[in-house]
Amino acid sequence: MQNRNLSLSGKNVWVTGSSRGIGKAIAEHFASCGANVVIHGSRPDSTRVFNEGESLESNAKAVAEKYGVTCLAVTGDLTDWKAVQRIVDEIHQKLGAIDVLVNNAGGDIGTKGVAADMAGKPDGNDATNISVEDIKTVMDRNFLTCVYSCKAVAPEMMERKSGKIINIGSIAGLKGLPGAAIYASSKAAVHEYSRCLAVQLRPWDINVNVIAPGDTLTERYIASRPTDDSRKVHEGTLDRYGWPEEVATAVEFLATDASRFITGEVIRVDGGSQVWPS
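Residues numbered from 1 in each chain as written. Predicted model: local features only at pLDDT ≥ 70, side-chain atom pairs only at ≥ 80, totals over all residues. Heavy atoms only, no water.

Attention now moves to the overall build of the chain. Secondary structure summary: the chain contains seven helices and seven strands in total. Secondary structure of the chain in N-to-C order comes out as β-α-β-α-β-α-β-α-β-α-β-α-α-β. A burial count over the chain gives 54% of its 278 residues as buried. Within the chain, residue pairs in contact and separated by at least 24 positions form 72% of the contacts whose partners lie at least 6 positions apart. Accessible area for the chain stands at about 12600 Å²; split by element, carbon and sulfur atoms hold 51% of it. (Helix = DSSP H or I, 4+ residues; strand = E, 2+ residues; numbered from the N terminus. Buried < 20%, exposed > 50% of the residue type's maximum accessible area, 1.4 Å probe, protein only. Contact = heavy atoms within 4.5 Å. Areas by Shrake-Rupley, 256 points an atom, 1.4 Å probe, with all protein chains shown as cover.)

The following block contains the structure:
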């Protein structure tokens, strides 16, 4: 990615779940826009699972050098409230106030983790056959991480009457699915929580919105299911897979003043695979 729009220059942006995939693309895109970026992973080596970097620290160094911004690497389990508080304190100490929060951490990943078969998709992955343990893991991984991060960051934004929160949902949370029911439900919960938070934060001039990606080609996406080579194109049709950069540019829009009067929205980035009201 090349620098092209510096409207976010000097802003501090925390992107959760940014060691790989869509989150990694969002973090690098913000850096290309001149923002200081906090990249996050559950572990220092979570970048290695799908060969998206030697370590979180090395990725941060590469981004900082490429774009001439500050890039801080933080690690921790965002389903642990104390870990979230520790990370936010570290960001404040090393970087300052958080201007933009992007909650990207999540995924249809069960208790066995992403190193398991099908990149961690739960066994019996439907509404009734999924295990109780995987129900909790998937819900916590997607919904609780979002709630905790917002709970930790929103108060400082309220004090300043300034800030943007962009939560990453999914088109899976906007329809009924025969499989991945708990993942879909967790993303629907993210959508509704975001609407509630958006209404609460209106008096403080803080925007809260959701980006709901469709099928997006990441290394984990490819590892977790069969894919269609004919849909792996960048242009000429919208009947294709999305690319992480296309999600990133939509997130950028919601982080800038161009979207200053938009809040409480769920915006699909899916090439029109869903066209009914969200």
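For Asn51, which is not glycine, the phi dihedral falls at a positive 55°. Position of Asn51 among the secondary structure elements: in the loop between strand 2 (36–41) and helix 2 (56–67).

A word on helix 2. Its twelve residues place the ends of helix 2 17 Å apart at the C-alpha level, agreeing with the 16 Å of an ideal helix rising 1.5 Å per residue. Taken as a whole, helix 2 has its buried residues at Leu56, Asn59, Ala60, Val63 and Tyr67. Considered in projection along helix 2, the buried side chains sweep an arc of 100° and stay on one side of the axis. What points out from helix 2, more than 90 degrees from its buried face, is the exposed set Glu57, Lys61 and Glu65. Each element contacted by the buried residues of helix 2 is listed here: helix 1 (21–32), strand 2 and strand 3 (71–75). (Expected span 1.5 Å × (residues − 1). Arc of directions from axis to C-beta.)

Take the side chain of Gln274 next. For Gln274, the position within the fold is in the segment after strand 7 (266–269). Exposure remark for Gln274: the relative accessible area of 4% places this residue in the buried category. Polar side-chain contacts of Gln274 include one of 2.8 Å to the side chain of Arg268. Dropping the residues within four chain positions of it, Gln274 is found in contact with Ile171, Leu174, Lys175 and Arg268. (Polar contact = N/O pair within 3.5 Å; in protein donor to acceptor, adjacent residues only side chain to side chain.)

Taken as a whole, the second largest pocket encloses approximately 290 Å³ of empty space. For the second largest pocket, the lining is made up of 14 residues, of which Lys11, Ser162, Lys164, Ala255 and Asp257 are closest to its centre. The class makeup of the residues in the lining of the second largest pocket is three nonpolar, five polar and six charged. (1 Å grid on protein atoms, 1.4 Å probe; cavity = no way out; pocket = protein on both sides within 12 Å on 5 of 7 lines; lining within 4 Å. Points joined across faces, edges and corners; volume = space filled by probe spheres on them. Nonpolar A, V, L, I, M, F, W, Y, C, P; charged D, E, K, R; others polar.)

Okay, the nonpolar core next. Among the nonpolar cores identified, the biggest contains 30 residues, and Ile26, Phe30, Ile39, Val102, Ile166, Ile211 and Val251 are the most heavily contacted of them. Elements supplying a minimum of two residues to this core: strand 1 (12–15), helix 1, strand 2, helix 2, strand 3, strand 4 (100–103), strand 5 (164–168) and helix 7 (244–255). Counting residues per element, this core draws most heavily on helix 7, which supplies six residues. Other than its neighbours up to four places away in sequence, Phe30 contacts Leu8, Val13, Ala35, Val37, Val100, Val102, Val251, Glu252 and Ala255. (Core = buried A, V, L, I, M, F, W, Y, C linked by side-chain atoms within 4.5 Å.)

It is worth spelling out the packing of aromatic side chains at this point. Scanning the entire structure with this criterion turns up three aromatic pairs. Consider the rings of Phe143 and Tyr193, whose centres lie 6.1 Å apart with planes at 85°: the pair is edge-to-face. Of this pair, Phe143 sits in helix 4 (residues 132–160) while Tyr193 is found in helix 5 (residues 181–201), placing the two residues 50 residues apart along the sequence. In this arrangement the basic side chain of Arg231 is found over the ring face of Tyr241, its NZ or CZ atom lying 4.4 Å from the centre. (Phe/Tyr/Trp six-rings, centres within 6.5 Å; stacked < 30°, edge-to-face > 60°. Lys NZ or Arg CZ within 6 Å of the ring centre and 35° of its normal.)

Now for the sheet that holds strand 3. Strand order in the open sheet formed by seven strands is 3-2-1-4-5-6-7, with parallel pairing between adjacent strands. If you trace the sheet from one side to the other, it starts and ends with strand 3 and strand 7, each paired once. Each strand axis lies, on average, 20° off the axis of its neighbour in the sheet, ignoring direction. Alignment of strand 1 against strand 4, held across three bridges, turns out to be parallel. (Pairing = 2+ DSSP bridges. Axes fitted to C-alpha atoms, helices over the stretch in contact; angles between N-to-C directions.)

To continue, consider the packing of helix 4 against helix 5. Here helix 4 crosses helix 5 at 15°, and the two axes come no closer than 8 Å. Relative to helix 5, helix 4 is oriented roughly parallel. The chirality of how helix 4 crosses helix 5 is right-handed. Taking contact as the criterion, the partners of Ile135, Val138, Met139, Asn142, Phe143, Cys146, Val147, Cys150, Lys151, Ala154 and Met158 in helix 4 are, on helix 5, Ile182, Tyr183, Ser186, Lys187, Ala189, Val190, Tyr193, Leu197 and Leu201. (Parallel < 35°, antiparallel > 145°, perpendicular 65-115°, else oblique. Left-handed = near helix turned anticlockwise from the far one by under 90°.)

What follows concerns the environment of Lys94. Locating Lys94 in the fold gives a position in helix 3 (residues 81–94). Spatially, the C-alpha atoms of Lys94 and Leu72 are 8.1 Å apart, while their sequence positions differ by 22 residues.

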